[in-house]
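Chains, contacts and geometry: an overview
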Amino acid sequence: MLSERMVEALNKQVNREVYSAYLYLSMSAYSTFKGLKGFANWFMVQYQEEMTHAMKIYDYINDQGGQVKLMAVQQPPTEFGSPLEMFEKTLEHEKFVTKCINDLVNLAIEEKDHATKIFLHWFVTEQIEEEANDNEIIAKLKLVGKEGNGLFMVDKELATWVFTPPATVSEDEA
Ligand SMILES: [Fe+2]
Ligand SMILES: [Fe+2]
């Protein structure tokens, strides 16, 4: 049983995860337009991941007998500058999401909602990984600078990323 406050906060997070997906889809489109296929692939994978995050919370609200209420999704930017600037924006956005997840955990503690607190643990861990990935790519992009060859190598590496559905989702289905 979820409190009204908790349902409302979780619904807002569904919206933020869908917005994250939309933002990364926009970055993927931008990368394709700029001829950076690897970057486009990386952001497409992020788009898929963010949709699974949204659906994870969506399913949880339903499982707990709450009502999912979808909200308008904000329009994402369409111009992102250099690949480095794009990843800096990505990290900044992920840090904002991390803060939102922490606020949700705080609310769950305040509401003595142990189920939601445990449910949110997955997201706490996920955010550590997301920020680490972004930091790693930012470091690489700073290393290669604006040099064409280096950028080509990073683009090639990002082309190898594949979407793997979160383990807990497949466990649930098993
Ligand atoms: Fe997410
Ligand atoms: Fe994310």
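Here, the structure is the one placed above.
Below, the structure is looked at part by part. Here the structure is a predicted model, which means the values were calculated and not measured.

**Quick notes on the packing of aromatic side chains**
Counted under the stated rule, the structure contains 10 aromatic pairs. Linked through ring pairs, Tyr24, Phe39, Trp42, Phe43, Phe87 and Trp161 together constitute an aromatic cluster. A cation over an aromatic ring shows up here: lysine 56 above the ring of tryptophan 122, its NZ or CZ 4.2 Å from the ring centre.

**Side note on the coordination of the iron ion (ligand 1)**
Coordination of the iron ion (ligand 1) by the protein is provided by Glu17 (OE), Glu50 (OE) and His53 (ND1), with metal-donor distances spanning 2.1 Å. In this structure, the iron ion (ligand 1) is positioned 3.3 Å from the iron ion (ligand 2), and both are ligated by glutamate 50. Of the two residues, glutamate 50 and histidine 53 are both situated in helix α2 (residues 37–63); the distance of three residues between them amounts to about one turn of the helix. As far as burial versus exposure is concerned, glutamate 50 and histidine 53 are alike and both buried.

**As for the pattern of salt bridges**
In this structure the tally under the stated criterion is six salt bridges. As a salt-bridge pair, glutamate 8 and lysine 12 come within 3.7 Å of each other at their nearest N and O atoms. Of the two residues, glutamate 8 and lysine 12 are both situated in helix α1 (residues 4–33); the distance of four residues between them amounts to about one turn of the helix. Measuring nitrogen to oxygen at the nearest pair gives 3.7 Å for the salt bridge that ties lysine 140 to glutamate 136. Of this pair, lysine 140 and glutamate 136 both sit in helix α4 (residues 114–144), separated by four residues, roughly a single helical turn.

**Looking at α2**
Each full turn of the α-helix corresponds to 3.6 residues, which orients residues three or four apart in the same direction. Between the first and last C-alpha of α2 there are 39 Å, a value that for 27 residues agrees with the 39 Å anticipated at 1.5 Å per step. Glycine 65, located one to two residues past α2, shows a positive phi value of around 75°.

**Re the coordination of the iron ion (ligand 2)**
Each protein donor to the iron ion (ligand 2) is listed here as Glu50 (OE), Glu94 (OE), Glu94 (OE) and Glu130 (OE); together their distances run 1.7 to 2.6 Å. Around the iron ion (ligand 2), the four donor atoms are arranged such that angles at the metal cover 53 to 150°; this shape is classified as irregular. We note that the donor set of the iron ion (ligand 2) lies within a single chain, spaced as E-x43-E-x35-E. Take glutamate 50: its relative accessible area is 1%, and that puts it in the buried class.

**Remarks on the packing of α1 against α2**
Contact pair α1 / α2: the axes reach a minimum separation of 8 Å and the direction vectors enclose 165°. Classed by the angle they form, the pair α1 and α2 counts as roughly antiparallel. Of the two elements, α1 crosses α2, and the hand of that crossing is left-handed. Of the residues belonging to the contact of α1 with α2, the class tally is 19 nonpolar, eight polar and two charged.

**Here we look at the packing of α2 against helix α5 (residues 148–158)**
Following both chains from N to C, one finds α2 and α5 inclined at 35°, their axes separated by 7 Å at the closest point. Relative to α5, α2 is oriented so that their crossing is left-handed. When α2 is examined against α5, the residues Lys37, Gly38, Phe39, Asn41 and Trp42 are found in contact with a partner set consisting of Leu151, Val154, Asp155 and Leu158. The class makeup of the residues in the contact of α2 with α5 is five nonpolar, two polar and two charged.

Here is what the cut-offs are and how they apply
Residues numbered from 1 in each chain as written. Chains lettered and ligands numbered in written order. Predicted model: local features only at pLDDT ≥ 70, side-chain atom pairs only at ≥ 80, totals over all residues. Heavy atoms only, no water. Phe/Tyr/Trp six-rings, centres within 6.5 Å; stacked < 30°, edge-to-face > 60°. Lys NZ or Arg CZ within 6 Å of the ring centre and 35° of its normal. Donors = N, O, S within 2.8 Å, 3.2 Å for Na, K, Ca; no water. Helix = DSSP H or I, 4+ residues; strand = E, 2+ residues; numbered from the N terminus. Buried < 20%, exposed > 50% of the residue type's maximum accessible area, 1.4 Å probe, protein only. Salt bridge = Lys/Arg side-chain N within 4 Å of Asp/Glu carboxyl O. Expected span 1.5 Å × (residues − 1). Tetrahedral: all angles 85-135°; square planar, octahedral: opposite > 155°, others 65-115°. Axes fitted to C-alpha atoms, helices over the stretch in contact; angles between N-to-C directions. Parallel < 35°, antiparallel > 145°, perpendicular 65-115°, else oblique. Left-handed = near helix turned anticlockwise from the far one by under 90°. Nonpolar A, V, L, I, M, F, W, Y, C, P; charged D, E, K, R; others polar. Contact = heavy atoms within 4.5 Å.

Without other data, these values stay purely geometric and don't point to any function.
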